[in-house]
Structures are given as C-alpha cells and as structure tokens.
Amino acid sequence: MAETNFVIRKVAVLGAGVMGAQIAAHLVNAGVPTVLFDLPEPGGGNGIVLKSIGALGKQQPPPLGTRDLAEFIEPANYEEHLGRLAQCDLVIEAIAERLDWKTELYRKVAPALSPQAIFATNTSGLSIGALAAACPQSLRARFCGVHFFNPPRYMHLVELIPSAACAPEMLDRLETFLVTTLGKGVIRAKDTPNFLANRVGVFSMLDTVANAAKFGLRFDVVDALTGPLLGRPKSATFRTADVVGLDTFAHVVRTMHAGLREDPWHELYTVPEWLERLIAAGALGAKTKGGIYQKRGRDLFVLDPVSGAHVAAGAQADGKVVEVLKVANIEERFSALRASDHPQARFLWACFRDTFHYIAYHLADIAHSARDVDLAMRWGFGWRRGPFELWQAAGWSRIAGWIEADIGEGKALAQAPLPRWVSESGRTGVHTPEGSYDAGQSRVVGPSSLAVYRRQLSPVTLLAERPPLGQTVYENPAVRAFTSGDGVLVASLKTKAHSITPEALAGLNQALDLAEARFRALVIWQNEAPFSVGANLEALRPAVAAGDWASIEAVIGRFQSTSMRLRYSLVPTVAATEGYVFGGGCEFALHCDRVVAAHESYLGLVEAGVGLLPGGGGCKELARRAAQRSTGDLFAALKDLYMAVATAKVAGSALEARQMGYLRGGDVVIMNSEELLYVAKEQALALAASGYRPPLPGARFAVAGRVGAASIKMQLVNLLEGHFISPYDFEIGMRIAQVMTGGDLEPGTEVDEAWMLALERRHFIELLQNAKTQERIAHTLATGKPLRN
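Residues numbered from 1 in each chain as written. Predicted model: local features only at pLDDT ≥ 70, side-chain atom pairs only at ≥ 80, totals over all residues. Heavy atoms only, no water.

## A closer look at the sheet that holds strand β13 (residues 435-438)
Within the open sheet, the three strands sit side by side as β12-β13-β14. Their pairing is antiparallel. At either margin of the open sheet sits one strand with a lone partner, and together these are β12 (431-432) and β14 (443-445). Pairing of β13 with β14, which is carried by three bridges, proceeds in the antiparallel orientation. Bridge pairing in β14 places aspartate 438 opposite arginine 443. (Pairing = 2+ DSSP bridges. Helix = DSSP H or I, 4+ residues; strand = E, 2+ residues; numbered from the N terminus.)

Below, the structure written as structure tokens:
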C-alpha cells in the first residue's frame, strides 16, 4: 500500500444477490474488469452467479450501460476460484446483512487476497469496527465500508466508512477511484448505525409514518405531499419503501432500534405493525409485485393501515396546501405551513420540525459537517435540497425558535433540547462561503482537498457556496459565454431545460465568432442536466398559426447554419453532454469535433414523436456517417440509423449512443458528470495543440437513393398493415427515408451537405404545415406525452 502508483485494475465482488450483481454491472460500465463470486451450485459450477448475470438484462432501470457488457462479468465461486482473488486490487463484499455470515466469509477469503488489495464491505449499517475485528490483523489497515446506494448505476452516493485501523492513504486512493472511475459522490461517514444517509433518511420516513397516523392522513395523500412538491422524488415516502423492499426497510429500522438504545427518538425506531403484517404475508414491495401499493389490472390500490385492507388509490393533496407549497419565498412558505390549521399543513410542518431537530441534535455524532448531511440526502435520497439547506434558507433563528417552542409545548416528537451551537450569537446557518459547520470540532470546515476534486471545475453547490464560473465574455437572454483564462470559451444555455430558441441560436453564433477571434477552442456545457431538450417548439407556434412559413424556414436555416458552423469552425468545438440530449441538442453534439459525454447521457433525434423530422442537420449527418462506414452496401450501413430516427429511439446511456452511431470512436465517455467541464476543456485544448484545422468544405458522399427508400418503404408497409404504426406515422417515416437516402437519385450518387440540408428543410416545413403534426405538437406541449393520430 506504500506504492504511490497503486492502481485498481481489477475488482472482485463477493455475493451475486441483487446488490452485488448491480455493483458488478456498474464496474463493467466503467470499463473495470470484474469477477463476481457466490456459492457453487450443489453439484458444482457457477449457476448461481450466471443466473444473476442473466437477470441484469431484464431489470428496470437497466443496471448495464449496454446489454453486451454482461459478458465482461467473470463468474466464480468460493470453492473453485478463490485463487482469482489474488489478481484483484479491490474486493467488495456484498452478501446478506448477517454479521455471522460475513465473519465466516472473511475467514475464508482473507488468505487468498493480494497483500496490496483493499477489502471493503457494502454493508448498509452493520458496525465497521465489528466487521474489521473479523478480519486478520494484517488486513485491518486495508478494510473499510463502501456503501453503494440502490440502484448503484443511478444513485450518486457512496458512503466511505473507515475502520479504526484504516490507512488514510488507502482511503484516499479508494475515494479517487470511486469519484472518477465510477462517477460517485463520496461522503466519509462515521461508523454509527446505518451511517449517515440511511440514518437521516430512514428517520425521516419513520417520522413521516408517525405524523401521518397522528394527523389521520392516507398513505397516498402523504406521497402526494412528500414527493415533487417538496423537491423530492416521485416515489415520495411509501412508494420509496416499496421500491427499496419492505423487508430491507424493516432491517434498517431494526438496526437502528438495536444500536441506538440511548437515542431520544428510540421509540420511533420500531417496525409498524402494518409493515410486519405485509412482510409476514410476503408482500415486500416492488420485487414481489405488491406491498404498500398493489396493482390489480389497471387499477392501483394502497394500504389502509387501520383495516389492513388495500383501498383504491388516487387521493390527492388539498389544493390550499399545494398552493402554500408553491409559494416561491421559502420563509413565507414555512410561515404559512406553521400558521395553518389544515391537517396536511400541520403534518408537513411536524415532519420538517422533527427532521431539523434530529439533524441538529445528532450532527456531531453522525457527520463530519452539515455539508455531508445535505449532500447525503441529495445524493442518496434524491432531495433537491438537503435539510440544513432548507432550514437555513427558511430563516435559521426563526425556525430554531419555533422548534424550541414546540419542544417546550410537548409537540415535538422528542423532548431533547436543541444543542447550544444552534443558538450561538450571530449564527445564521451552517453553510458559509468558507465551508460548513462541524459540530464535533465546533468550527467551519471546507470541502475535501483531495486532488481528484480539482477536476470538478463547477462542483456541487450548497446554499452559501459561490463556485467560480469564470469571467463573462458575452451574454444575452438565452446564452452566457465565459472563460477562466485558459484559452477556452465556454457557452451555456440559460433557457428552460436548455431548449434552443432563436435567441439561443444568436447567442451560440456570437460565441463562435468570439471563439474564432480570441480563443483557442469552444466548449458547449450546461451547469446542470439536461444538455438540451432540443428546439423550443412553443416559440414556433405563433408563426405556424399565422402561416408565416418564410420566417419558419429562416429559423430552420439558421439552425442548420449553426450546426455547420460547429462543424467547420476555425477552432475546435466540444459538446459536454449529460442527461437528455434530444433533437436539436443532439444535432449540435453530432456536429461538434468531439463529444465528452457523461455515462448518463441520453441521446436521441426524437422529432418523429411530434410529427417532424430532424431539421438541424441530423438526417444529413447520420447519412454522411453511414457513407463513411459503409463497406459497399450503403443501405446496410444506413438502416439502423434510419430506424433510430424514425422511431425516435433514445440511447439508454452514452455507451449505447456509441453503439447506435450517435457517438464516434474518438468521443469520450466519462462516469462523473461533475468532471465534464474539466475533461471537455482538456479535449478541446488537446485538439487545439495538435494544430487543429476544420474539415475541408464541399466534401461529397454517396447516398442510398431511391432504391434505399424503396427498401425502407417495404418495411414501413409491413408495419402499417400489422397496425404497428398509423398512416401518418407511415408518411413521417417515408419523409425521413427520402431525406436520409438523398432523395430521388440513383444509388451511390454523390451529394454534398448543402443538398441534404435543403432536403431536410423542405420536408420539415411540409410536415409542419400538416394539421396532424400541429396536433401532435400541441398535445405534447400540453401533456408532455406523444400523440398517435
């Protein structure tokens, strides 16, 4: 472990259950060779592991970036293959939460581990100290907890929990690996029951259950109140319990009950009777197709905890309370909740109060700073703002006074007083520009100084943090272009969901002008997902209603010319993508010299879903790429790209986008979206340093022509006759085919980009003039869902 060049080259995961298999899946997503261990079958062999690997391709959301990655998980068992552990630099134990089982496994595998290997447990709450004691003395300095959240591919949080003997340099290396290689947000947690995120998150859920009973609220009403209205996931409270697994949730509660006997909230750490009944009946939530919620045909039912029966679901939050939650000023919002006599408002205030009370009382015990608490809840439970952030934004002293008043009046769940630091003179919160409060050390501490975080040029922000975002060079209502003095101009969209408007086109063109005149490269990057949902169709509706087709064609022409400028700019252009990369946003990415894509980039030319075709150069660019990769059969090279456009297919990951042809071999996929700007700049500067020149203009390429279009037509006719598509879907599909095959030409005819762009514009305008397309656009804008007419 003293070697400075220690690298994690290969990983083993012990335990092929749901969590272990998904950790292995995420490792291969990141390109890390992985061995997955479990028990042998009774007659020998790896049947248990192979079954788990096979199940990965059927799970939703998909654990794998592409299905074929399952082939790179190496199956093994403890009886025949322990020798393979010697090749692994990191070994992660992920078996069932039984201390005795884990202890037995540690004794079995310890002799087979490399003397350099890090040994980690994925326990969600068992004592790291107790588990370390089960390891040989020589292994304890290399043992720690590394708690992934479920599902590992999508949940950003990993808790890193050291044992008492843990070597600090080992933790630093592991954290660096988790952050950059696996793309995780790492919190160094304390070795307390359920660590940090589950400690606060499960408390919050139990408190919600208790307050729901106190104020007589149905479970579906509670979920309506505690989901997106509070800036939390749609699964809210009870749906989340179903997704996690009711047995798993109960296990975490029991861990808290057994390990926190002196806690003022100990009485809350009890599995409710209704939950015990569900578990006893085998109704464990989503994994058993029923738990708190049950689906019967198309109807949804929710548990009534009093009767024990499931009743029709669908009850909603009261409109008056919803209006309170929509109040923009957070101080006014909390004032209204506390002053209200409405049971739902009183319920919400009680939940906030109890959580604030809890995290203040326990801050010194469970976290190294308030920052860690807030990031744990954001990354591990999907809260838009952490609890300390909310408290501080709502007015620190005022909220503290209300909590103390409720404690004094016996309204609070526990009578423990707020700690003295909460009311220190001059305190306005726990987050400052310098850092966040550490109650254990009674001081403000800054973020981690680990070198890996220097790659995060725009790191996650908390309430009072002000990260540097460079010096503004140009700004209009839709675009901001800035630089950090490194020769790269960064352009970011400011529009809702980073949609592309006429002002956005003007701003991007101005950024290109500035980049060519004064900078070495241009990067298009957004400070948060999505990269772009594409063209703002709402902006076109007035011109469509007025029949002003000339102005619409001018906008489409401007769109195309912007794409072409990205391709032929005198400086290298790089798109840094994350989240949705739809429509026009995808077309811009296609035309940049390089794409740096976060793994969770979902690229797609989705215009067919609203009755249009890609009009910003997307059809042209994919046809050009098909010609480049063709080995003689143009149609064979084109057909999959065509189907992706015609069906509005969206890649499920950046790796799948590469398979689809939306990303090229030279494009870069990274795992941590917080490193996007850093890597994009590095790529842009490398291109500039290589003596970058844009492609020569006027190049021609062969198209599939009328024969290719006829082949596509036969496929579409079969789909139409089988009632898989509507007659208007057929028309849209044929227009896309006519554009992507180059029009009414002989197969193999060479055309230039201008020819293809003219075809795009014509068919785009003609589709937009059709009433059925206008109906589709109106329906999608109103409902967010596609219309098949």
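Let's pick the thread back up.
## Overview of unusual backbone geometry
With omega at -5°, the peptide bond leading from glutamine 60 into proline 61 counts as cis. In this chain, asparagine 150 is followed by proline 151 through a cis amide linkage whose omega measures 0°. Its place among the elements puts proline 151 in the loop between β6 (143-148) and β7 (157-162). Even without a glycine there, the phi angle at alanine 497 is positive, about 55°. Take alanine 497: its relative accessible area is 31%, and that puts it in the partly exposed class. The residue histidine 498 is not glycine, and still its phi comes out positive at about 55°. With respect to the helices, strands and loops of the structure, histidine 498 is situated in the loop between β17 (488-493) and α17 (502-518). (Buried < 20%, exposed > 50% of the residue type's maximum accessible area, 1.4 Å probe, protein only.)

## Topic: the sheet that holds strand β21 (residues 668-670)
The sheet built from seven strands is open, its strands ordered β15-β16-β17-β18-β19-β20-β21 with mixed pairing. Of all strands in the sheet, those with a lone pairing partner are β15 (471-475) and β21, marking the two edges. Strand-to-strand twist in this sheet, taken as the mean axis angle between neighbours without regard to direction, amounts to 25°. With four bridges joining them, β17 and strand β18 (residues 521-525) adopt parallel strand pairing. Its bridge partner lying in β18, valine 488 is registered against alanine 521. (Axes fitted to C-alpha atoms, helices over the stretch in contact; angles between N-to-C directions.)

## Considering the packing of helix α12 (residues 330-339) against helix α13 (residues 343-366)
Pairs of packed helices are described in terms of their axes, by the angle between the two and the distance that separates them. Where α12 contacts α13, the axes come no closer than 7 Å and their chain directions differ by 115°. By the angle between their axes, α12 is roughly perpendicular relative to α13. Along this stretch, α12 crosses α13, giving a crossing that reads as left-handed. In contact with Phe334, Leu337 and Arg338 of α12, α13 contributes Ala345, Leu348, Trp349, Phe352 and Phe356. For the contact of α12 with α13, a count of residues per class yields seven nonpolar, no polar and one charged. (Parallel < 35°, antiparallel > 145°, perpendicular 65-115°, else oblique. Left-handed = near helix turned anticlockwise from the far one by under 90°. Contact = heavy atoms within 4.5 Å. Nonpolar A, V, L, I, M, F, W, Y, C, P; charged D, E, K, R; others polar.)

## Digging into helix α1 (residues 18-29)
The first and last C-alpha atoms of α1 sit 16 Å apart over 12 residues, in line with the 16 Å expected at 1.5 Å per residue. Along α1, 11 of the 12 residues are buried, which leaves the element largely enclosed by surrounding structure. Along α1, the residues classified as buried are Met19, Gly20, Ala21, Gln22, Ile23, Ala24, Ala25, His26, Leu27, Val28 and Asn29. Downstream of α1 by a residue or two, glycine 31 has a phi angle that is positive, lying close to 80°. (Expected span 1.5 Å × (residues − 1).)

## Quick notes on the pattern of salt bridges
Applying the stated rule across the entire model yields 40 salt bridges. In this structure, glutamate 409 and lysine 411 form a salt bridge, with 3.1 Å as the shortest nitrogen-oxygen distance. Overall, lysine 411 belongs to the partly exposed group, its relative accessible area being 43%. Taking the shortest distance from any N to any O, the salt bridge between glutamate 538 and arginine 541 comes out at 3.5 Å. Overall, glutamate 538 belongs to the partly exposed group, its relative accessible area being 40%. Arginine 541 sits in the partly exposed class, given a relative accessible area of 34%. When salt bridges with common partners are traced through the structure, they connect Arg567, Lys620, Glu621, Arg624, Arg625 and Glu753 into a single cluster. (Salt bridge = Lys/Arg side-chain N within 4 Å of Asp/Glu carboxyl O.)

## A short note on the pairing of strand β5 (residues 118-121)
Burial along β5 is two-sided: the face carrying Ile118 and Ala120 and the face carrying Phe119 and Thr121 are both buried. With four bridges joining them, strand β4 (residues 90-93) and β5 adopt parallel strand pairing. In the sheet register, isoleucine 92 faces β5, and the bridge partner there is alanine 120. With helix α3 (residues 99-109) bridging β4 and the parallel β5, this β-α-β connection has right-handed handedness. Regarding topology, helix α4 (residues 128-133) serves as the crossover connection from β5 to the parallel β6, and that connection is right-handed. (Right-handed = clockwise from strand over helix to strand, strands pointing away.)

## Observations regarding the side chain of glutamate 621
Following the sequence through the fold, glutamate 621 ends up in helix α21 (residues 618-629). When near neighbours in sequence (up to four residues on either side) are disregarded, glutamate 621 contacts Arg567, Leu590, His591 and Glu753.

## Quick notes on the environment of isoleucine 187
Structurally, the position occupied by isoleucine 187 is in strand β8 (residues 185-188). By relative accessible area, which is 2% here, isoleucine 187 ends up buried. When the C-alpha atoms of isoleucine 187 and valine 158 are compared, they prove to be 6.5 Å apart, with 29 residues separating the residues in sequence. Leaving out residues up to four positions away in the same chain, isoleucine 187 has contacts with Leu157, Val158, Glu159, Leu160, Leu196, Asp372, Leu375 and Trp379.

By themselves, these observations are geometric and do not establish any function.
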